[in-house]
Amino acid sequence: MAANGNAEFSFAKHGSARNGLSKIQTQKNGICHDDSAPPVKAQTIDELHSLQRKKSAPTTPIKGTEGAFAALSEEERQKQQLQSISASLASLTRETGPKLVKGDPARKSETAKGHAVHHHYHAPTISVSDSSLKFTHVLYNLSPAELYEQAIKYEKGSFITSTGALATLSGAKTGRSPRDKRVVRDETTEDDLWWGKGSPNIEMDEHTFMVNRERAVDYLNSLDKVFVNDQFLNWDPENRIKVRIVSARAYHSLFMHNMCIRPSPEELENFGTPDFTIYNAGQFPCNRYTHYMTSSTSIDINLSRREMVILGTQYAGEMKKGLFSVMHYLMPKRQILSLHSGCNMGKDGDVALFFGLSGTGKTTLSTDHNRYLIGDDEHCWSDNGVSNIEGGCYAKCIDLAREKEPDIWNAIIFGTVLENVVFDEHTREVDYTDKSVTENTRAAYPIEYIPNAKIPCVGPHPRNVILLACDAFGVLPPVSKLSLAQTMYHFISGYTALVAGTEDGIKEPQATFSACFGAAFIMLHPTKYAAMLAEKMQKHGATGWLVNTGWSGGRYGQGNRIKLPYTRKIIDAIHSGQLLNATYKRTEVFGLEIPIEIDGVPSEILDPINTWSDKKAYKDTLLQLGGLFKKNFETFTNYKIGKDNKLTDEILAAGPNF
Ligand SMILES: Nc1ncnc2c1ncn2[C@@H]1O[C@H](COP(=O)(O)OP(=O)(O)OP(=O)(O)O)[C@@H](O)[C@H]1O
Ligand SMILES: O=C([O-])CC(=O)C(=O)O
Ligand SMILES: [Ca+2]
Ligand SMILES: [Mn+2]
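Now for a description of the structure that goes with this document. Note that the coordinates shown come from a computational prediction; the quantities given were computed from them, not determined experimentally.

What follows is about the pattern of salt bridges. Tallied over the full model, the rule gives 21 salt bridges. The closest approach of N and O atoms between arginine 244 and aspartate 230, which form a salt bridge, is 2.8 Å. Taken together, the residues span a long stretch of sequence, with arginine 244 in strand β10 (residues 241–247) and aspartate 230 in strand β9 (residues 225–233) at a distance of 14 residues. Note that aspartate 607 is salt-bridged to lysine 585, the shortest N-O span being 3.0 Å. Here aspartate 607 is found in the loop between β34 (593–595) and α14 (615–633), whereas its partner lysine 585 is found in strand β33 (residues 584–586), with 22 residues between them in sequence. On the basis of relative accessibility, which here comes to 13%, the residue aspartate 607 falls in the buried class.

By nearness alone, 20 residues border ligand 1, and Ser358, Lys362, Thr363, Glu405 and Arg442 come closest of all. One of the side-chain N or O atoms of threonine 567 is found 2.9 Å from a nitrogen atom in ligand 1. If ligand 1 stood free it would expose 650 Å²; the protein chains cover 91% of that surface. Counting residues per element, the ones that place at least two in the shell around ligand 1 are α9 (362–366), β20 (392–396) and α13 (564–576). Here the element with the most residues in the shell around ligand 1 is α9; it accounts for three residues. In the shell around ligand 1, the residues fall into four nonpolar, nine polar and seven charged.

Moving on, we get to a nonpolar patch on the surface. On the surface, Val40, Ile45, Leu48 and Leu51 cluster together into a nonpolar patch covering about 380 Å² of accessible area. Note that leucine 48 resides in helix α1 (residues 45–52). Since its relative accessible area comes to 35%, leucine 48 is described here as partly exposed.

To continue, consider the sheet that holds strand β19 (residues 385–388). Strand order in this open sheet of four strands is β14-β18-β19-β25, and the pairing throughout is antiparallel. What marks the edges here is a single partner per strand, and that holds for β14 (337–339) and β25 (458–459). On top of the sheet, helix α8 (residues 317–333) reaches β14 and β18 (379–382); it is set at about 160 degrees to β14, its chief contact.

In this section: the coordination of the manganese ion (ligand 4). Where a metal carries four tetrahedral donors, each ideal angle is 109.5 degrees; where it carries six octahedral donors, the ideal angles are 90 or 180 degrees. Protein-derived coordination of the manganese ion (ligand 4) comes from Lys321 (NZ), His340 (NE2) and Asp377 (OD), at a distance range of 2.3 to 2.4 Å. Distance-wise, the calcium ion (ligand 3) is placed 4.6 Å from the manganese ion (ligand 4). Here lysine 321, found in helix α8, pairs with histidine 340, found in the loop between β14 and β15 (341–345); they are 19 residues apart in sequence, far enough to count as distant. Residues lysine 321 and histidine 340 agree in their burial class; the two are buried.

Right, let's talk about the packing of helix α11 (residues 484–493) against helix α12 (residues 526–540) for a bit. The N-to-C vectors of α11 and α12 enclose an angle of 150 degrees; their axes lie 10 Å apart at closest approach. Considering the angle they form, α11 stands roughly antiparallel to α12. Crossing angle aside, the handedness with which α11 passes α12 is right-handed. Two secondary-structure elements touch here, α11 through Leu484, Thr487, Met488, Phe491 and Ile492 and α12 through Tyr529, Ala530, Leu533, Ala534, Met537 and Gln538. Broken down by class, the residue content of the contact of α11 with α12 amounts to nine nonpolar, two polar and no charged.

Moving on, we come to α13. For α13, which comprises 13 residues, the first-to-last C-alpha distance of 18 Å matches the rise-based estimate of 18 Å (1.5 Å per residue) to within 8%. All of the buried residues in α13 are Leu564, Thr567, Ile570, Ile571, Ala573, Ile574 and His575. Those residues of α13 that are buried lie in contact with β15, β16 (351–355), α9, β26 (462–469), β27 (479–482) and β30 (543–548).

What follows deals with the site of ligand 2. Neighbouring ligand 2 are the residues Arg176, Tyr315, Lys320, Lys321, His340, Ser358, Asp377, Tyr394, Arg442 and Phe521. Histidine 340 places a polar side-chain atom, nitrogen or oxygen, 3.2 Å from an oxygen atom of ligand 2. For ligand 2, whose free accessible area comes to 260 Å², the fraction covered by protein is 94%. Taken together, the residues of the shell around ligand 2 sort by class into three nonpolar, two polar and five charged.

This paragraph deals with the sheet that holds strand β1 (residues 99–102). On the basis of which strands lie adjacent, the open sheet formed by nine strands has the order β1-β4-β9-β10-β11-β13-β12-β7-β8 and mixed pairing. Both edges of this open sheet fall to β1 and β8 (202–204), since each of them pairs with a single strand only. For this sheet, the mean inter-axis angle between neighbouring strands, taken without regard to orientation, is 25 degrees. Across three bridges, the pairing between strand β7 (residues 181–184) and strand β12 (residues 298–302) is parallel. The partner of valine 183 across the bridge, within β12, is isoleucine 301. Most of the contacts of α8 go to strand β13 (residues 307–311), to which it runs at about 155 degrees, and overall it touches β7, β9, β10, β11 (276–281), β12 and β13.

A separate point is the packing of aromatic side chains. Across all of its chains, the model carries 19 aromatic pairs by this definition. Ring geometry for phenylalanine 232 and phenylalanine 271: centres 5.6 Å apart, planes at 35 degrees, overall tilted. Taken as a pair, phenylalanine 232 in strand β9 and phenylalanine 271 in the loop between α7 (265–269) and β11 lie far apart in primary sequence, 39 residues in all. Given a relative accessible area of 2%, phenylalanine 232 falls into the buried group. Taking the relative accessible area as the measure of exposure, phenylalanine 271 reaches 3% and is therefore buried. Linked through ring pairs, Tyr489, Tyr495, Phe513, Phe590, Phe629, Phe633 and Phe636 together constitute an aromatic cluster. Its guanidinium or amino end placed over the ring of phenylalanine 232, arginine 240 lies 3.6 Å from that ring's centre, counting from NZ or CZ.

The rules behind the values
Residues numbered from 1 in each chain as written. Chains lettered and ligands numbered in written order. Predicted model: local features only at pLDDT ≥ 70, side-chain atom pairs only at ≥ 80, totals over all residues. Heavy atoms only, no water. Salt bridge = Lys/Arg side-chain N within 4 Å of Asp/Glu carboxyl O. Helix = DSSP H or I, 4+ residues; strand = E, 2+ residues; numbered from the N terminus. Buried < 20%, exposed > 50% of the residue type's maximum accessible area, 1.4 Å probe, protein only. Near = heavy atom within 4 Å. Polar contact = N/O pair within 3.5 Å; in protein donor to acceptor, adjacent residues only side chain to side chain. Areas by Shrake-Rupley, 256 points an atom, 1.4 Å probe, with all protein chains shown as cover. Nonpolar A, V, L, I, M, F, W, Y, C, P; charged D, E, K, R; others polar. Patch = residues over 30% accessible without salt bridge, like charges linked within 9 Å, V, L, I, M, F, W, Y side chains within 5 Å. Pairing = 2+ DSSP bridges. Contact = heavy atoms within 4.5 Å. Axes fitted to C-alpha atoms, helices over the stretch in contact; angles between N-to-C directions. Donors = N, O, S within 2.8 Å, 3.2 Å for Na, K, Ca; no water. Parallel < 35°, antiparallel > 145°, perpendicular 65-115°, else oblique. Left-handed = near helix turned anticlockwise from the far one by under 90°. Expected span 1.5 Å × (residues − 1). Phe/Tyr/Trp six-rings, centres within 6.5 Å; stacked < 30°, edge-to-face > 60°. Lys NZ or Arg CZ within 6 Å of the ring centre and 35° of its normal.

Okay, structure coming up:
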């Protein structure tokens, strides 16, 4: 082939070629055929197109006895499902919900297996005030392929990237809006929840919630179609929560398809009434004249009604983290601890939790080629062990590189939602270094896109609890072993440091303290979660660690971020047990136990003082950070943690001392 590359195409090969091109052979009857394959069965183009799509056969036979819908005919089941969705979408001022019809309104008739099934088609031009007369089309649990088509046809800014992911834009908001998150304060929540200074639960009253709910529902019903996802949260079958997400964008529907647990067709048949419902009317603002509203964005949680309303932001992370907040309320009521953490498991069943604020490395470090991934962001720790709340991962993409994070890179394929990235107009290759839209670029993919995901996403009790901090001050050691009291101190503190906006020239690190490494999502007082964590760690003999995934050799601007391969070696040494029995020395100010050496990590970086050329600057910065920790912890000094005063006193003493 190489020597005679054109041989296959040589005219000389065909005998008749020498005498010019061969004559076209027609069949005996003289009719010219352009191929030999049998003709299509269809008589018309419409019929041909109808053959292209077939109705999938039921994967499981409808079960005999169990389940509320078991004995129903398919038609009856569909009717009940639509009734349930109609009830979800019902205005609170009308007696009945909207009239619903399944399917895409743009498709005048749905054909299946050659038989035309005529749906009622109603033009989307019917006046909004007549919404009780019009039909709302419901696109129910569409597949990723169908959602791609919806997004590309109808949502500006949707494109297929060179690796098959769906690139989308989340609109004006490219991150969460914690100051617009409100929780209804009523008899149920008055005593249970954490209110007031420091709490993420900004209050609203029931009536205002209803006003916003009505606004969202009216908006959704005014559309010619809405997406409905019925899915699950929590892989622990005993504590699984059924969620329904009603949204207006294919982007939102695909995002939740990826992030929540996907029901099997059989589970969907028996879904019944959801435990919690989200109304995502994110394209539509809230009314600024409404009581409590301080911007045009409002994310409202009503725990009594088990509903959440989103107005004025299309950032999909609001749905994910809104549901996480709900779990932070529901799970502790069942003595289950909810955690803002990643989680993975070694070959011999050793489980590690990775806590940390946004961008500290939960997703990056829990996605480890040598370990099973249980989940990257939200977990429960019950008496049975750990379980992932979600069915997908939500990875930061800024500066993503194949060599550094191969599993995440390889997960960005067909089905994955890629938010706010920039790509080449023609090749559709994504430039992960481009921050033109936002620095918070993200990929949302189903967890099974990670090859060593552990499905079902559950595991035994954790052996290691790793607290991640991205310390832009550059003074925390790359790793320290913590006592239980220190673990609690750092868990309650929830420290990380971000670097303020680079455009305006400010290069000062900004310390952030977020209780339980997730103050934006907790619902009860932080000490409630801390007490549960302490009890579980003690009971199951877990060891706490503090890992700095931030700066070394100076603060931001002078030093550099600790190299990811070094952090991975440190994490390996924790998992393997090597670090448990290493030789330690104690640091000044924070009183942290730091190891002398770790395989594959230069020993001099283990004590940060060695990496700073200006020792005085190091000491000053260390004291500066210590001071910030002390100040932050003042609000917790009057709280008791657990039954025992001993632990409370120990925790208070476990912070920086100077
Ligand atoms: N030494 C390091 N350790 C961990 N991550 C690092 C390190 N150096 C650079 N990084 C980068 O920091 C980022 C960590 O982000 P990651 O997605 O893991 O955050 P996260 O904790 O999961 O946050 P979120 O809760 O917002 O999802 C990644 O982009 C990763 O490439
Ligand atoms: O919720 C988000 O937008 C991203 C995330 O995981 C976090 O901030 O912890
Ligand atoms: Ca993450
Ligand atoms: Mn997170």
